[in-house]
Amino acid sequence: MLIDMFKTLSFARGALFIPRVPLSVRMSSTRVEKKRILADKVAVITGSTQGIGFAIAQRLARDGAHVVVSSRKQHNVDRAVVTLKEEGLSVSGIVCHAGKAEDRDRLVTMVAEQHGGADFVVCAAGVNPLVGSTLGASEQVWDKILDVNVKSPALLLGQLLPHMEKRGECSVILVSSIAGYVPYPKLGPYNISKTALLGLTKTLAVELAPKGIRVNCLVPGIIKTNFGNVVVRETDFIHAMKKVYGMQRIGQPEDCVGIVSFLCSPDSSYITGQNIVVAGFSLKM
Ligand code: NAP
């Protein structure tokens with residue numbers, strides 16, 4: 001028995017053995033060896049010329065990926081491309097209204113012809129044309145919200161699928177909202193569209209797992225962007241949320257980027273179908 005105890009103790013000590021190399025030396029050698037984690041990869045990001053999408057584009061490019069930024073307006077695409085290129089990052093841009101089939105076609109053709117496919121797709125484009133009652137929403141409002149927020153990620157991913165499959169291990173990140181769990185007052189159809197994205201994530205994760213494609217979802221709380229400012233101004237949500245806001249601050253777009261970088265990296269290779277809240281508090285579900 002004593003021998004067994006000794007063996008167990010030796011094993012435990014072995015498992016915890018840390019070489020006596022000064023921390024600074026270990027850190028500096030890590031730094032020297034470190035290759036940028038997303039080097040040689042291609043990331044396609046919708047709605048990425050400002051706000052959360054832009055911050056994600058900047059982070060993935062800083063991590064070494066070539067990023068394809070896009071949004072509806074040419075001048076926004078040009079500005080985003082120039083800004084990222086000034087930083088020495090690898091970037092190209094194209095106009096793509098996520099809800100328009102012909103724009104998605106052009107984006108997919110460009111990605112296939114110029115970049116040989118996509119390793120990462122982040123669907124950040126989202127709209128909210130209505131502040132008012134859910135049952136008062138017109139059919140046009142419903143169509144616009146569902147077209148851009150829910151259908152467009154599914155349709156774009158369907159078109160990109162062959163160009164992802166040939167690249168091997170791929171990662172998709174949808175962008176939902178805390179409104180998908182806790183409805184914002186007066187933004188009913190938007191809330192519903194964001195809840196649908198939580199389900200789309202789960203369903204696509206199952207369907208695409210056999211193809212080596214992981215699907216996860218970023219679920220931001222209130223983030224300081226043009227869009228976020230409207231939410232704060234038009235709803236009483238912030239007052240209600242103050243009670244549960246652990247961190248007592250509104251998020252910045254940069255708060256959302258680390259998790260996306262992680263979900264693209266090999267470190268998350270066994271993570272799929274997760275809706276990950278980045279909101280400064282934990283939801284009781
Ligand atoms: P933002 O700062 O207003 O930026 C929106 C970006 O999307 C812009 O680049 C815009 O450029 C583009 N865009 C808008 N409509 C588009 C469309 N139909 N097709 C393609 N691009 C489009 O907004 P954000 O706050 O970063 O929001 C980004 C995403 O995060 C949205 O899906 C939103 O629902 C979600 N979200 C935001 C918050 C928040 O508090 N900010 C919280 C939770 C979730 P153009 O004008 O050139 O198209």
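Preceding this paragraph is the structure being described.
The present account deals with the structure reproduced in this document.

About the criteria used
- Residues numbered from 1 in each chain as written.
- Predicted model: local features only at pLDDT ≥ 70, side-chain atom pairs only at ≥ 80, totals over all residues.
- Heavy atoms only, no water.
- Buried < 20%, exposed > 50% of the residue type's maximum accessible area, 1.4 Å probe, protein only.
- Helix = DSSP H or I, 4+ residues; strand = E, 2+ residues; numbered from the N terminus.
- Pairing = 2+ DSSP bridges.
- Right-handed = clockwise from strand over helix to strand, strands pointing away.
- Near = heavy atom within 4 Å.
- Polar contact = N/O pair within 3.5 Å; in protein donor to acceptor, adjacent residues only side chain to side chain.
- Areas by Shrake-Rupley, 256 points an atom, 1.4 Å probe, with all protein chains shown as cover.
- Axes fitted to C-alpha atoms, helices over the stretch in contact; angles between N-to-C directions.

With that out of the way, let us pick up the pairing of strand 4 (residues 120–123). Consecutive side chains of a regular strand alternate in pointing toward one face of the sheet and then the other. Burial along strand 4 is two-sided: Phe-120 and Val-122 and Val-121 and Cys-123, pointing in opposite directions, are all buried. In terms of strand pairing, strand 1 (residues 42–46) meets strand 4 through 4 bridges, oriented parallel. Looking at the pairing, Thr-46 lines up with Cys-123 of strand 4. Pairing geometry for strand 4 and strand 5 (residues 170–175), over 4 bridges, is parallel. Pairing of Val-121 across the sheet is with Val-172, part of strand 5. Regarding topology, helix 6 (residues 139–165) serves as the crossover connection from strand 4 to the parallel strand 5, and that connection is right-handed.

In the region of the ligand, 30 residues are neighbours, and Thr-49, Ser-71, Arg-72, Tyr-190 and Thr-225 sit closest. Backbone polar atom of Gln-50 to an oxygen atom of the ligand: 3.2 Å apart, as the coordinates give it. A distance of 3.4 Å separates a nitrogen atom of the ligand from a polar backbone atom of Gly-228. Within the complex, the protein chains bury 96% of what would otherwise be the 890 Å² of accessible surface of the ligand. At the level of secondary structure, the elements contributing two or more residues to the shell around the ligand comprise helix 3 (51–62), helix 7 (188–208) and helix 8 (226–234). By residue number, the principal contributor to the shell around the ligand is helix 8, which donates 3 residues.

Right, let's get into the sheet that holds strand 1. The sheet built from 7 strands is open, its strands ordered 3-2-1-4-5-6-7 with parallel pairing. Whereas interior strands pair on both sides, the edge strands pair on one side only; in this sheet they are strand 3 (91–95) and strand 7 (275–278). Sheet twist, expressed as the mean angle between neighbouring strand axes with direction ignored, is 20 degrees. Strand direction decides the pairing type here: strand 2 (residues 66–71) and strand 3, joined by 5 bridges, are parallel.

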